[in-house]
Amino acid sequence: MSSSILSTQARTLLSRQRSSIYLLPRLYTTASPERTLKETFANIIPAKAEEIKKFKKEHGKTVIGEVLLEQAYGGMRGIKGIVWEGSVLDPEEGIKFRGRTIPEIQNQLPKINDEPLPEGLFWLLLTGEIPTLNQVNALSADLASRSELPDHVVQLLDNLPKHLHPMAQFSMAVTALESESKFAKAYAQGVSKKDYWSYTFEDSLDLLGKLPNIAAKIYRNVFKDGKLGQFDAQADYGKNLANLMGYSNKDFIELMRLYLTIHSDHEGGNVSAHTTHLVGSALSSPYLSLAAGLNGLAGPLHGRANQEVLEWLFKLREEVKGDYSTETIEKYLWDTLNSGRVVPGYGHAVLRKTDPRYMAQREFALKHFPDYELFTLVSKIYEVAPKVLTKHGKTKNPWPNVDSHSGVLLQYYGLSEASFYTVLFGVSRAFGVLPQLIIDRAVGAPIERPKSFSTEKYMELVKKIESSSK
């Protein structure tokens, strides 16, 4: 029988949790007979699938945009070609989760203290509905009941060299969990297409439940003594992630709840979301699909940017030697730009304003540690950088993005190992991409297969188009 990295006591608690996901240990009350997440989604999806079918039939030939040659050569930037239900990124308003802004999410989602619970966001992204606290508590208990890791994944992580980047370890562990895939097993047995979503749902919740143990195991193996903190089957997701990593500070736990919520989803065109969606469209399991997305998230132009921002901040701090005056910061920014480098943490492919995720983190810092030196430095850069970048003229968006702030928050609470930050980003991103996988399977989304041309063929095409327009 598979053993666990959890204690015998924890395994006993988890087995009790599996008997009923309506158990609400944190409130010590009996939940009302509200629908579970799976029941809620099952109730919603028939009408949604019919709506999409009718929409495609009636408007499938409608032209929704033009593709420029520069877009084909520019990474498909701005081409409308992906359906993503959970969120939309507006250049001026920022990210909206099912039509709700980040401040609205912070206000409306169920919470224990001040910050929203990421479990509630998962519910919202999948169904479009704000869950009750009872429903979120039940979902937290359900995820906790799925947290146990199989022996071979624990052994894999224990045998990996410490110098292997944490994101590579993270991706390998998620891939190794393919052995547990209920979707893969059901597909091999010839399950009906109409039931694909149910097995994708189970895999997605199993995977979400296991991610805190995987992330914490990597953190403790690489940077600490290899021993995990206490797992509490009665705790919410953010608290367990923090505790497993060895952090019990109540404000840090609040930060984890906020961090996991605001980093989760950023519409479907970013590398990690698009890759997860693409691989999933081939009917690869959620394990393989998320692992592919994590490999994209690991890149320095995507999720690893938060690590690079912090490294740049440390170098800046060292060179200015405590002089955070406008003149000194401005000179350093110009030196960075004039040397052919970019100012990390500023600019965004879509946004044309300060990233609302940046503002949520800034407000957290103002509340909990307004006088922290690194926060003071980040705040000064926020005051100076947009003016410099605007004058420089080569940055379409001179405002800060999410990466320019997240590392500072983690540093304050002692999580100083910057190479691990993208793993936390990966845990959060799972909350955003897995709901879309479930929806894709529920509505019968096809395999993704855009058309490509060679440069020679594009030249022929452009020549023909330009000739016909004369």
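No experiment lies behind these values; they were computed from the predicted model shown.

Student: Explanation requested: the overall build of the protein in the structure shown.
Tutor: Scanning the protein from N- to C-terminus turns up 21 helices and 4 strands. Rg of the C-alpha trace for the protein: 23 Å, near the compact-globule value of 23 Å for 470 residues, within the 12% margin. Across the 470 residues of the protein, 51% fall into the buried class. For the protein, restricting intrachain contacts to residue pairs at least 6 apart in sequence, the fraction spanning at least 24 positions comes to 76%. Summed over all atoms, the accessible surface of the protein reaches about 21800 Å², with 53% contributed by carbon and sulfur.

Student: For this particular structure, what's the right way to read the packing of aromatic side chains?
Tutor: Two descriptors summarise a pair of aromatic rings, namely the distance from one centre to the other and the angle between the planes of the rings. Under the counting rule described, the total for this entry stands at 22 aromatic pairs. Ring centres of Phe41 and Trp197 lie 5.2 Å apart, and the angle between their planes is 65 degrees; on these two criteria the pair is classed as edge-to-face. With Phe41 in helix H2 (residues 37–59) and Trp197 in helix H10 (residues 196–223), this residue pair connects regions lying 156 residues apart in the sequence. For Trp197, a relative accessible area of 12% puts it in the buried group. Relative to Tyr458, the ring of Phe453 lies with its centre 5.4 Å away and its plane at 85 degrees, an arrangement referred to as edge-to-face.

Student: Got a minute to help me understand the nonpolar core in this structure?
Tutor: Here is a general trend for soluble globular proteins: nonpolar side chains tend to be buried in one another's company. In terms of nonpolar packing, the biggest core is built from 112 residues, with Phe170, Leu211, Ile214 and Leu415 touching the most fellow members. Among the elements that line this core, the one with the most residues is helix H20 (residues 421–443), at 13 residues. Two domains each put at least three residues into this core: domain 1 (137–303 + 416–443) and domain 2 (305–413). The residues touching Phe170, leaving out its near neighbours within four places in the chain, are Leu211, Ile214, Ile218, Leu294, Val423, Gly426 and Val427.

Student: Looking at this structure, how should I read the UniProt feature "active site" (unreviewed entry) in the protein?
Tutor: In the numbering used here, UniProt assigns the "active site" (unreviewed entry) feature to His302, His348 and Asp403. What stands out for the annotated residues spanning 102 residues is how close their C-alpha atoms remain, the widest pair being 10.6 Å apart. Considering the arrangement of structural elements, one finds His348 in the loop between helix H16 (326–338) and helix H17 (356–368). Given a relative accessible area of 22%, His348 falls into the partly exposed group. Here His348 is in contact with Leu89, His266, Arg357, Asn397 and Asn401, once residues within four sequence places are set aside. When you line up the elements, Asp403 lands in helix H19 (residues 403–412). We classify Asp403 as buried; its relative accessible area is 11%. Those residues in contact with Asp403, other than ones at most four positions away along the chain, are His302, Ala305, Asn306, Val309 and Phe425.

Student: Looking at this structure, I do not really get H19. What am I missing?
Tutor: Note on helix geometry: an α-helix contains 3.6 residues per turn, so any two residues three or four positions apart are oriented the same way. In terms of burial, H19 is a largely internal element, 9 of the 10 residues being buried. For H19, the complete set of buried residues consists of Asp403, Ser404, His405, Ser406, Gly407, Val408, Leu409, Leu410 and Gln411. Against helix H12 (250–262), helix H15 (305–320), H17, helix H18 (373–392) and H20 lie the buried residues of H19. Gly414 sits one or two residues past H19 and shows a positive phi near 95 degrees.

Student: Quick question: what am I supposed to make of the side chain of Thr354 here?
Tutor: Along the chain, Thr354 falls in the loop between H16 and H17. The class of Thr354 is buried, set by a relative accessible area of 11%. In contact with Thr354, not counting residues within four places along its chain, are Met359, Tyr382, Trp399 and Pro400.

Student: It is not clear to me how the pairing of strand E3 (residues 87–90) should be interpreted in this structure. Could you clarify?
Tutor: Sheet faces and side chains relate simply in a regular strand, where the side chains alternate between the two faces. Burial along E3 is one-sided: Ser87 and Leu89 are buried, while Val88 and Asp90, pointing the other way, are not. When E3 meets strand E4 (residues 94–97), the two strands line up antiparallel, connected through 4 bridges. Pairing of Ser87 across the sheet is with Phe97, part of E4. Turn length for the E3-E4 hairpin, with the two strands adjacent in sequence and antiparallel, is 3 residues.

What counts, and where the lines are drawn
- Residues numbered from 1 in each chain as written.
- Predicted model: local features only at pLDDT ≥ 70, side-chain atom pairs only at ≥ 80, totals over all residues.
- Heavy atoms only, no water.
- Helix = DSSP H or I, 4+ residues; strand = E, 2+ residues; numbered from the N terminus.
- Rg over C-alpha atoms; globule rule 2.2 N^0.38 Å.
- Buried < 20%, exposed > 50% of the residue type's maximum accessible area, 1.4 Å probe, protein only.
- Contact = heavy atoms within 4.5 Å.
- Areas by Shrake-Rupley, 256 points an atom, 1.4 Å probe, with all protein chains shown as cover.
- Phe/Tyr/Trp six-rings, centres within 6.5 Å; stacked < 30°, edge-to-face > 60°.
- Core = buried A, V, L, I, M, F, W, Y, C linked by side-chain atoms within 4.5 Å.
- Domains from an automatic or database assignment.
- UniProt positions renumbered as here; feature names shortened; annotations may be inferred.
- Pairing = 2+ DSSP bridges.

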